[in-house]
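# Close look at the chain arrangement
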Amino acid sequence: MMSRAIVITLFSVLYILNLPAKGFGKEYAIPTIIVEADIRADGSVRITEHRTYHFEGSFSWADYRLPLQGYSGISNIRVTEADTDFINTNSEEPGSFQVLRTDDEIKIKWFYEVNGSQERTFTIAYTLEDAVVIGPEWAEFFWNYLSSEREKATDLLRIRMTLTKAVPGDSLYSWARGPQTQIKLENNEQGYQVIAHDLDDDEFVKIRSVFPRSVFRADAVSTTDPTFTLANARADERAHQQKVIAEQKEKERYAGYGRQLAGVVSILSIAAFLFFYRTYGKRHSASHISSSETIMIPGKLKPAAAGWLLGNRTITSAHLMATLLDLARRNYFIIREVEAKKGWFGSKTKQFKIENTEGRPALELTEWEAELKTFISKQIDNGNDRIDTLFSESSYKASTWFSAWKKQVSGYCKSRGWYDKESYKGAFANFAVQLPLVAAAILAIVWAGPIGIIPLILAIGLAIGSIGIIRRTPEGEQAYKRWKAYREGLKNAKAYSIGHKLIGRHYIYSVAFGLSKKEIRAIFKQMDTANIVLPWVIFYGSAQPASADIAEAFSSLSATGTAAFPGAVSSGAAGASAGVAGGGAAGGAG
């Protein structure tokens, strides 16, 4: 039982951590970026960036964000695809683009149409003013070609910087910043070229280059930094490299701490759980109780209580439906099948109504059974007698009522003494210990990276697994084992000969246990309909329907009520908004 609880919780956490961040059914990537930087004779810089997108799904726009730093002005902005120019308008029509400016950035946003799997290459071009530092003899262009703020990883980055005229090989100096093992930088007489591979979305590529001022027209530029020299640039790069080395050593030192912390957290997390489990959660033996499946009802336990015992101490709409059916079986109500409702394409949906009976005292009912009886009787008196509308919000505040009713049922079940109160202490203690270990695991991730994910999953999983420490009392373990064997027998009802006198109770317990329509049908199909006596259910049509019809009617009855009652679970998935390309890719800054 302990290992099963651990496995379930760990798989739950792994599933949560592995949920896709990509918005169900649509995704894009920017595998290739090619940048051309042309240093012009007048000191301006023309940037031309080719971005290759791979789309999966429906998209209609992308953007390019360029921080307002490292230049004084930007002009002549163009967006193209192949030989087609996008038009700068204020519309969002395909083939147009917009330019927006905030206090921090220039955003270029363009519009297109993509459906399915496509690869498209868009080109963004613009001219920068004052992006080059000009000293008395030397000039510098320092540009961030790939920002660490972008949303997507980059498989291939190519950069070509071209000067307005050639310079001697000993007059051009370039330095790359970023992941050095992935960047290859080569100078040539006209500038430099860069090839970089496999760059994560949080990695950047910055290139600093120093070249003679003489590449510019003397009458077109003026000195912007009188103190700038080649020697200063070299000294600054040496200092930067020393800083990088020092930071790397510091990072490696803390990575060592992180790995050690990850190991300690993993050990402590498992040790704490095992300690509290063995102290408070070790299961009591019930070996003298047979675990073989059976169709012998183990006792007179209320169907909702039996469902609570086998259903992880929760109350659902199935337990509410089972209680209603049990009240009908005990002659508090009559359930009547009416003519089926015709739906789409000629299909028919079975309909059921409920009626009050006369003169049945409520003295033998529990508090929560009496509450349900009163509620249903009021609904019938108000003309709301259909099973599928008894708990409609328009007729009653169903959710509020159901919450209160669940507390009543849970209180009744807890009073049976099936669960060890002391084991709750162990569960709470384990949870309290695991929480700081979760924080420590997060610190291990900060220091050591992905290796810290292992203790994080363990600590979170074992914190959630605290519920597995809660154990049943010896009496509760015996009751659980008996009723579980009975539930398994109902699931395999076709293998047994079922007595007609108990068919109604078998059906009600199958609803409380959450058996499927197929399993419920199997309980009835094998029986001789002449022997089935169910005075609390009146079938539509023939006085004595065939067993298959009875099976279908009962499976539909339970499904109708369970789905319509409060607490029923609906499923659905929400995808990302159509036509949004994940915010686009961030631009660079110098």
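Just above, that's the structure.
Residues numbered from 1 in each chain as written. Predicted model: local features only at pLDDT ≥ 70, side-chain atom pairs only at ≥ 80, totals over all residues. Heavy atoms only, no water.

The next point concerns helix H8 (residues 453-464). Along its 12 residues, H8 runs 16 Å from first to last C-alpha, staying within 8% of the 16 Å computed at 1.5 Å per residue. Within H8 the residues assigned to the buried category are Pro455, Leu456, Ile457, Leu458, Ala459, Gly461, Leu462 and Ala463. (Helix = DSSP H or I, 4+ residues; strand = E, 2+ residues; numbered from the N terminus. Expected span 1.5 Å × (residues − 1). Buried < 20%, exposed > 50% of the residue type's maximum accessible area, 1.4 Å probe, protein only.)

Right, let's get into a negative patch on the surface. Taken together, Asp155, Asp198, Asp200, Asp201 and Asp202 make up a surface patch of like negative charges. As for its placement among the helices and strands, Asp155 is situated in strand E12 (residues 154-162). (Patch = residues over 30% accessible without salt bridge, like charges linked within 9 Å, V, L, I, M, F, W, Y side chains within 5 Å. Areas by Shrake-Rupley, 256 points an atom, 1.4 Å probe, with all protein chains shown as cover. Salt bridge = Lys/Arg side-chain N within 4 Å of Asp/Glu carboxyl O. Lys, Arg positive; Asp, Glu negative; His and termini not counted. Charge placed at Lys NZ, Arg CZ, Asp CG, Glu CD.)

Attention now moves to the environment of Ala432. Along the polypeptide, Ala432 turns up in helix H7 (residues 421-448). Since its relative accessible area comes to 48%, Ala432 is described here as partly exposed. Through-space distance from the C-alpha of Ala432 to that of Ser466 is 9.7 Å; in sequence the pair is 34 residues apart.

Further remarks concern the sheet that holds strand E15 (residues 191-199). Each strand in a sheet pairs with its neighbour through backbone hydrogen bonds, running either in the same direction (parallel) or in the opposite one (antiparallel). Taken in spatial order, the eight strands make up an open sheet running E5-E4-E9-E2-E1-E12-E15-E14, and their pairing is mixed. For this open sheet the edge positions go to strand E5 (84-85) and strand E14 (183-188), each flanked by a neighbour on one side alone. Here strand E1 (residues 27-39) runs beside E12; their pairing, made up of seven bridges, is parallel. Each bridged residue has a counterpart across the sheet, and for Thr32 the counterpart in E12 is Leu156. (Pairing = 2+ DSSP bridges.)

A separate point is the packing of helix H2 (residues 230-281) against H8. The geometry of H2 relative to H8 is characterised by a closest axis approach of 9 Å and an angle of 20° between their N-to-C directions. By the angle between their directions, the pair H2 and H8 is classed as roughly parallel. Where H2 crosses over H8, the two elements pack in a sense that is left-handed. On H8, the residues touching Ala262, Val265, Ser266, Ser269, Ile270 and Phe273 of H2 are Pro455, Leu458, Ala459 and Leu462. (Axes fitted to C-alpha atoms, helices over the stretch in contact; angles between N-to-C directions. Parallel < 35°, antiparallel > 145°, perpendicular 65-115°, else oblique. Left-handed = near helix turned anticlockwise from the far one by under 90°. Contact = heavy atoms within 4.5 Å.)

With that settled, the discussion passes to the pattern of salt bridges. In the structure shown here, the tally under the stated rule is 25 salt bridges. The partner of Arg65 in a salt bridge is Asp63, with the nearest N and O atoms 3.2 Å apart. The partner of Arg78 in a salt bridge is Asp85, and the shortest N-O contact between them spans 2.7 Å. Residue Arg78 is classed as partly exposed on the basis of its relative accessible area, which comes to 39%. Of the residues examined, Asp85 reaches a relative accessible area of 41% and is grouped as partly exposed.

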